[in-house]
Amino acid sequence: MSNRLARILTTVFVLAVVLLPIYWLVSTSLKSNREITQEGTLYPHVPTLDNYLRLFTEKQFGSYLTNSLVVTFFSVAIALIVGAMGAYAIARFRLPFATERKVGLFLLTLRIIPPVVILIPVYLLMLSLGLLDSWLGLIATYTAFNVTFCVWMMESFFREIPVDLEEAAMVDGDSRFGAFRRITLPLAAPGLAATAIFAVLVTFNEFLFALALTATPRAMTMPRGTATLIGRIDTDWASMAAAGVIGALPIVFFALLVQRHLVRGLTMGAVK
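Residues numbered from 1 in each chain as written. Predicted model: local features only at pLDDT ≥ 70, side-chain atom pairs only at ≥ 80, totals over all residues. Heavy atoms only, no water.

### Notes on the overall build of the chain
Moving on, step 1. Per the secondary structure count, the chain includes 13 helices and 0 strands.
Moving on, step 2. Secondary structure elements of the chain occur, N-terminal to C-terminal, as α-α-α-α-α-α-α-α-α-α-α-α-α.
Moving on, step 3. When the backbone C-alpha atoms are referred to their principal axes, the chain occupies close to 70 × 70 × 30 Å.
Moving on, step 4. Burial statistics for the chain: of 272 residues in total, 41% are counted as buried.
Moving on, step 5. For the chain, restricting intrachain contacts to residue pairs at least 6 apart in sequence, the fraction spanning at least 24 positions comes to 74%. (Helix = DSSP H or I, 4+ residues; strand = E, 2+ residues; numbered from the N terminus. Buried < 20%, exposed > 50% of the residue type's maximum accessible area, 1.4 Å probe, protein only. Contact = heavy atoms within 4.5 Å.)

### Brief notes about the environment of threonine 226
Moving on, step 1. Position of threonine 226 among the secondary structure elements: in helix α12 (residues 222-227).
Moving on, step 2. Judged by its relative accessible area of 13%, threonine 226 falls in the buried class.
Moving on, step 3. In the structure, threonine 226 is positioned 16 residues away from alanine 242 in sequence and 9.9 Å away in space, judged by C-alpha atoms.
Moving on, step 4. Ignoring any residue separated from it by four or fewer positions in sequence, one finds threonine 226 in contact with Phe61, Met240 and Ala243.

### A short note on the pattern of salt bridges
Moving on, step 1. Enumeration over the complete set of coordinates arrives at 6 salt bridges.
Moving on, step 2. For aspartate 174, the salt bridge identified is with arginine 182, shortest N-O distance 2.8 Å. (Salt bridge = Lys/Arg side-chain N within 4 Å of Asp/Glu carboxyl O.)

### Comments concerning the nonpolar core
Moving on, step 1. Core analysis: the largest hydrophobic core is formed by 39 residues, its most contacted members being Leu55, Phe61, Leu65, Leu80, Met154, Phe158 and Ile246.
Moving on, step 2. Among the secondary structure elements, those contributing two or more residues to this core are α3 (50-57), α4 (61-92), α7 (135-159), α10 (189-204) and α13 (237-268).
Moving on, step 3. Per element, the largest residue contribution to this core is 11 residues, and it comes from α4.
Moving on, step 4. Residues Val122, Leu138, Phe145 and Phe209 belong to the second largest nonpolar core, which totals 12 residues. (Core = buried A, V, L, I, M, F, W, Y, C linked by side-chain atoms within 4.5 Å.)

### Thoughts on the UniProt feature "transmembrane region" (unreviewed entry) in the chain
Moving on, step 1. Mapped onto the present numbering, the UniProt feature "transmembrane region" (unreviewed entry) falls at residues 7-26, 69-91, 103-129, 135-154, 191-217 and 237-258.
Moving on, step 2. Across residues 237-258 one finds 100% helix and 0% strand; the C-alpha atoms that close the span lie 32 Å apart. (UniProt positions renumbered as here; feature names shortened; annotations may be inferred.)

### Side note on unusual backbone geometry
Moving on, step 1. The residue glutamine 60 is not glycine, and still its phi comes out positive at about 60°.
Moving on, step 2. Relative to the helices and strands, glutamine 60 is located in the loop between α3 and α4.
Moving on, step 3. Phi at aspartate 133 is positive, roughly 55°, even though this residue is not glycine.
Moving on, step 4. Given a relative accessible area of 11%, aspartate 133 falls into the buried group.

### Re the packing of α4 against α7
Moving on, step 1. Following both chains from N to C, one finds α4 and α7 inclined at 35°, their axes separated by 6 Å at the closest point. Read as a crossing pair, α4 and α7 show a hand that is right-handed.
Moving on, step 2. By residue class, the composition of the contact of α4 with α7 is 22 nonpolar, 6 polar and 3 charged. (Axes fitted to C-alpha atoms, helices over the stretch in contact; angles between N-to-C directions. Left-handed = near helix turned anticlockwise from the far one by under 90°. Nonpolar A, V, L, I, M, F, W, Y, C, P; charged D, E, K, R; others polar.)

### Focus on the environment of leucine 107
Moving on, step 1. Inspection of the secondary structure puts leucine 107 in helix α5 (residues 100-111).
Moving on, step 2. Sequence separation of leucine 107 and histidine 45 is 62 residues, and the distance between their C-alpha atoms is 52 Å.
Moving on, step 3. Every residue in contact with leucine 107, bar those within four places of it in the chain, is listed here: Thr148 and Val151.

### Section: helix α9 (residues 176-187)
Moving on, step 1. With 12 residues, α9 ought to run about 16 Å at 1.5 Å a step, and its terminal C-alpha atoms sit 16 Å apart, in line with that.
Moving on, step 2. Buried residues of α9: Gly178, Ala179, Phe180 and Thr184, and no others.
Moving on, step 3. Buried residues along α9 sit against α4, α7 and α8 (163-171). (Expected span 1.5 Å × (residues − 1).)

### What to know about the side chain of glutamate 206
Moving on, step 1. Looking at where glutamate 206 falls in the secondary structure, it is placed in the loop between α10 and α11 (208-213).
Moving on, step 2. Look at glutamate 206 and you get buried, because its relative accessible area is 14%.
Moving on, step 3. There is a polar contact of 3.2 Å between the side chain of glutamate 206 and the backbone nitrogen of alanine 210.
Moving on, step 4. Discounting residues that sit within four places of it in the chain, glutamate 206 has contacts with Tyr142, Thr221 and Pro223. (Polar contact = N/O pair within 3.5 Å; in protein donor to acceptor, adjacent residues only side chain to side chain.)

### Overview of the side chain of aspartate 133
Moving on, step 1. Locating aspartate 133 in the fold gives a position in the loop between α6 (119-129) and α7.
Moving on, step 2. At 3.0 Å, the side chain of aspartate 133 and the backbone nitrogen of alanine 215 are in polar contact.
Moving on, step 3. For aspartate 133, the side chain forms a polar contact with the side chain of threonine 216, separated by 2.5 Å.
Moving on, step 4. Setting aside chain neighbours within four positions, we find aspartate 133 in contact with Leu213, Thr214, Ala215, Thr216, Arg218 and Ala219.

### A short note on empty space enclosed by the protein
Moving on, step 1. Using the criterion set out here, one finds 1 cavity of 30 Å³ or more in the structure.
Moving on, step 2. Considering only enclosed or pocket space, the largest cavity measures out at about 40 Å³ in volume.
Moving on, step 3. The dominant element in the lining of the largest cavity, judged by the number of residues it contributes, is α4, at 3 residues. (1 Å grid on protein atoms, 1.4 Å probe; cavity = no way out; pocket = protein on both sides within 12 Å on 5 of 7 lines; lining within 4 Å. Points joined across faces, edges and corners; volume = space filled by probe spheres on them.)

Structure, rendered in structure tokens:
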């Protein structure tokens, strides 16, 4: 009985930790600023959707959300294409002194460098290329960061796929690239899904480079645009909560879309 009670209490505690912030975010988005800052109610006494309407009619949040979706889609798609080919080359071909097994670690080392360290060089590079405050500048920056992660993560997935399948396809007349595209890549779909969801999370929520490289609503991403709701004198807490709810929805929909492959992808490269 005590074990059962302990499990129930643990479950309730975990659910509270996970769901309470989500409830508080949604409930705050349905309150007025007066109810948030002065009354401090636990739930919205007079629920309103004005905060959501104000985001799109007064705060240009539609532009911020569109920018985030476009930049995230293209940067992650390009990174997955380039990263998959790079990871396949590392997994299948041998380099002098067996350096192919060290490339992944080297790329991971580049990925864990704090972004603020290279913020100024990236800014100056985009300035010289005339790509500040543009989709292309953000896509190029995020793609460069995501490629290293995609190569490192996809390498183990490709190593798990038997080489015999590709060799059989090439014996039947297929080219190396054809075998990769028609045989290996579909088998690595779970790994691609797992890599994609991590890359999407990192890109969609990125704030530092968006803050430095964008200055107008034509290129500001959702996290950067949400920060404009913080004024020098006052903060629009209700609109910020509504922005948080709307900003979370694309990630939730994407996770539901790839969930069939996600669990298999997370475990596919775990066994060496």
